[in-house]
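# Coordinates in review
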Amino acid sequence: MESTTSQVTLADVSVRYGHHIALKDVSLTLGQGVTGLLGPNGAGKTTLLRTLATASTPDTGTLSMLGHDPLTPTGRQALRRRLGYLPQNPGLPSHFTAFEFIDYVGILKEISDRESRRAEARRVLEAVGLTADRSKRIRKLSGGMRQRVGLAAAIVGNPELLVLDEPTVGLDPEQRLRFRELIAELGEGRTVLLSTHQTEDVAALCHKVVVLDQGTLKFQGTPSELALLAHGRVWSSRERSPGALAAWRTGVGTFRNIGVAPADAVTVEPTIEDGYLLLLEGAHTPTGAA
Amino acid sequence: MSEAQPVRPADGPDEGSAHLSPDLLRAYMDRPLAEGPRGLVEAHLQDCSTCRSQLFPLTGDETAMSRLWVRIDRATDEPSRSLLERCALRVGVPEDAARLSAAMPSLRWSWWGGAALLLLLAVVFARLSESNSASLAFFALEPALSALAVVAVTGQRFDPAYVWLAVSPLNGFRVVLLRAAVVQVLSLAMSSAGAVGLPLPFPHMLGWLIPSLMLTAVCLALMSRMDAVPAIILTLTAWAIWLVFAYSADLPAGTRLLLPTSQMIMAAVAVLACGVLAFLRDGFDTFDNKPGGTAPFWLSTTGTRELA
C-alpha cells in the first residue's frame, strides 16, 4: 500500500462487533478537499469515521494516514497531532463555558503554552462564530451552538485531516449554510471527510463522494458521476410507475420515478440523490433491476 | 461587595439592563477591586456599550482603552477553577496538568460528602458496638469506595468529554493514571482520618490500605479491556466473596484481612494487577479498548460501546 503524506488510504479494512460485520473489506483513498460519505443508517459510516479518527481499531486491513500507520502507538500519536474529529454526538461537559472547553481541548492537543492555547481558542471560536457566546456555559447553549462548539474543538490545532460525523444534523437552514461555508473553507488545503444524510451538502461541498451500504463500499467517485448512475433512469409521470424502484410525489403534483424507464417515459436530469437512491434501491431489490 | 451593585441611569436604560455607577467605574480604574466585584464589572462591561463609553473618559486615551480591553478579554476567558485545581496550582503543578487532573465531572462534593458520611457511620458503629467484628464494615467499605471513586473519574461513560481525550495525542493511560492517583490520594487521606477513630491499635487500623490499593489496581486493569461498569461489578463481587471467606468471629476486627499472610496475598494481587495494567495500557488509547495491533490477539476484544 503506497500513499503520499497528504493522503489517507485504507486497504481491505474490516471491523466486527461480535458477530456483526460493521465494515467489510473497505478500500478507499482520500485526498485533499472535502469528501462526502453517504449511506443509510447502519451502513457503517460512523464505524468508518471512528476508525479514521483512531477512536477504534479495525480487526483486519491496513491504513496509511498522512504518512502514518495508526495501528502502531507511535503512528497513532503522530497522526492524532494532525487530526481533528467531530463525533456524531460530541460529548461536551455542560459545566464548562465554551471557552473553557476549547481551552481544555487545547491541553489535550498538547498546546502547553497558556497564551498560545488561549489565542488558539479565540481563533477557533471566532471561526465558528461563537466569540460573543464564549463565556456561556455549554448547558445554556442551543443545539446549533453546541454543534459549533464541537466543530471548534475539532479544528483546534489547525489539523490537516478532519473527520466530521454528521455535523449538520439538527441545524436550521441558515446554520447549515454557515456550516457549509465553514467546511468549504476548511477543505482548502486539508483532507476533510464529511458524513451526512444530506445529498444537498454533498452537492454543495464535495469534490468526491463515497457511498457505504451494509458495511461495504458501493461507490466512490465525483458527485456528478454518482448522479450519472441514474442517467436515463429518472422520469416524470402523472401516476406512480409500477416498475419504478422508488417513486415519490413532487411539489408540482407529478411523480418522480427511478428505475428502468418505460420506453415512452420522459426522462429528466438526474441528481446526486437519484444516483444514490438507485444505487441503494438496486442493491436492496432482489431482481437487481438497477 | 455592595459597591459592585449596578445602578439604573437617570437617562434611561441601555440594552435593557442596569448600569455601573460612575463611582464603581472609577474604583475599577483607580484601584484593584476584589476578584468577585472585578469579575462582575468586567462581565457587565462586555455586554454594555453605555458603561464602556463612560469608561473612555476615565482611561484618557485610545491606547489605554485598548490595553484595558485586552485585560478584560483575558480576564473573561480565564477558566473558573475548582478547589482541587487551585490547590494543585498553588503547590506548583503545571497549569495543563492541574486542569487535566481536575477536569473530572464526576468528582463532586456530593460524592466526597456521601463517602465521608458512610465511613463516619462505620467508625461510629465500630466504636459503639461491643462486637469483635464491628470494624469489619469500615474494612469492607473503604476499598470499595476508593475503587468506585477511581472508576467514576477514569471510566469513559462517566466523562462526557472522554471521546476528545481518546482521539488526542496525549497518552490516555497516563491521563487515567494521573486522575486515579489524584483520587486515590484524596480518598486515602480522608480514610486515614476516619481510621484513627477505629477501636483498633496501629497498624491494624490501617488494615484497609492494601485492600484499597488492590481493588483500585484490579479495577483499572479490567478497565483496560472492558467498560467501567462490568469492571467495577466484577471487582466488587470478588471483594465481597473474599470478605465472606475472610470472616472469622474469633479474630480481632472479625476478619482475616489483618493477618500478615492475607495482607501479603492482597499486596501480591495488587502488584500483579499493576503488571497486567502496564501490559494492557494500550487499551486506554482507543475508545473501544482495542489494543491497536500491538497486543496478542487473545487479548483483543470485539465488543464496543457507542460514543458519548
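Residues numbered from 1 in each chain as written. Chains lettered and ligands numbered in written order. Predicted model: local features only at pLDDT ≥ 70, side-chain atom pairs only at ≥ 80, totals over all residues.

## With respect to the UniProt feature "transmembrane region" (unreviewed entry) in chain B
Condition: UniProt positions are given in the numbering used here, feature names are shortened, and annotations may be inferred rather than shown by experiment. In this text, helices come from DSSP runs of H or I with a minimum length of four residues, and strands from runs of E with a minimum of two, each type numbered from the N-terminal end.
Within this numbering scheme, the UniProt entry marks residues 109-128, 134-155, 206-224, 231-249 and 261-280 of chain B as carrying the feature "transmembrane region" (unreviewed entry). Measuring from the first to the last C-alpha atom of residues 231-249 of chain B gives 31 Å, for a span that is 84% helix and 0% strand.

## A short note on the sheet that holds strand β7 (residues 191-195) of chain A
All names here are of chain A. Let me state the cut-off plainly: We treat two strands as partners when DSSP finds at least two bridges between them. Where helices are involved, their axes are fitted lines through C-alpha atoms of the stretch in contact, as for all axes, and angles between N-to-C directions lie from 0 to 180°. We call two residues in contact when their backbone-placed C-beta atoms lie within 7 Å.
Spatial ordering of the open sheet is given by β5-β6-β7-β3-β8-β9, a layout of 6 strands whose pairing is mixed. Every other strand in the sheet has two partners, leaving β5 (83-86) and β9 (216-221) as the edge strands with one partner each. Each adjacent strand pair in this sheet contributes to an overall mean axis angle of 15 degrees, direction not counted. Alignment of strand β3 (residues 33-38) against strand β8 (residues 208-213), held across 4 bridges, turns out to be parallel. Its bridge partner being in β8, G36 is matched across the sheet by V209. Relative to the sheet, helix α5 (residues 143-154) contacts β5 and β6 (161-165), its axis offset from that of β5 by approximately 165 degrees.

## With respect to the UniProt feature "domain: ABC transporter" (unreviewed entry) in chain A
The sites that carry the UniProt feature "domain: ABC transporter" (unreviewed entry) are, in the present numbering, residues 8-239 of chain A. In this annotation, residues 8-239 of chain A is assigned 34% helix and 27% strand; the end-to-end C-alpha distance for the span is 46 Å.

## What to know about the interface of chain B and chain A
Interface size, as often reported, equals the accessible area lost upon joining of the parts. Heads up, the rule is: Classification convention: Asp, Glu, Lys, Arg as charged; Ala, Val, Leu, Ile, Met, Phe, Trp, Tyr, Cys, Pro as nonpolar; all other residues, Gly among them, as polar.
Taken residue by residue, the interface counts 34 residues in chain B and 39 residues in chain A. Elements that contribute at least two residues to the side of chain B that touches chain A include exactly α4 (62-77), α6 (95-102) and α9 (162-166) of chain B. Examining the composition of the side of chain B that touches chain A, we find that 5 residues originate from one element, α9 of chain B, more than from any other. Tallied by class, residues from the side of chain B that touches chain A come to 17 nonpolar, 9 polar and 8 charged.

## Examining the nonpolar core
Formally: The term nonpolar core refers to a group of buried residues, namely Ala, Val, Leu, Ile, Met, Phe, Trp, Tyr and Cys, whose C-beta atoms join them within 7 Å. With C-beta atoms placed from the backbone, a residue counts as buried when 20 or more other C-beta atoms lie within 10 Å of its own, as exposed when 12 or fewer do, and as partly exposed for counts between those limits.
Ranked by internal contacts, the top residues of the largest apolar core, which has 149 residues, are I102 and A152 of chain A together with C219 of chain B. In terms of residue count, the dominant contributor to this core is helix α8 (residues 136-154) of chain B (13 residues). Leaving out residues up to four positions away in the same chain, I102 of chain A has contacts with A121, V124, L125, A152, A153 and V156 of chain A. Core analysis: the next-biggest nonpolar cluster, separate from the first, contains 8 residues, L20, L25, C51 and L55 of chain B among them.

## What about the pairing of β9 of chain A?
Note that β8 of chain A and β9 of chain A share 5 bridges and pair antiparallel. Residue pairing in the sheet places V211 of chain A in a bridge with F219 of chain A of β9 of chain A.

## Observations concerning the sheet that holds strand β2 (residues 20-30) of chain A
Two orientations exist for strands paired in a sheet by backbone hydrogen bonds: parallel and antiparallel. Residues and elements named next belong to chain A. Across the sheet, 3 strands lie side by side as β2-β1-β4; this open sheet has antiparallel pairing. At either end of the open sheet lies a strand with only one pairing partner, and these are β2 and β4 (60-65). With direction set aside, neighbouring strand axes in the sheet form an average angle of 20 degrees. Here strand β1 (residues 8-17) runs beside β4; their pairing, made up of 5 bridges, is antiparallel. Across the sheet, the residue bridging to S14 is T60, located in β4.

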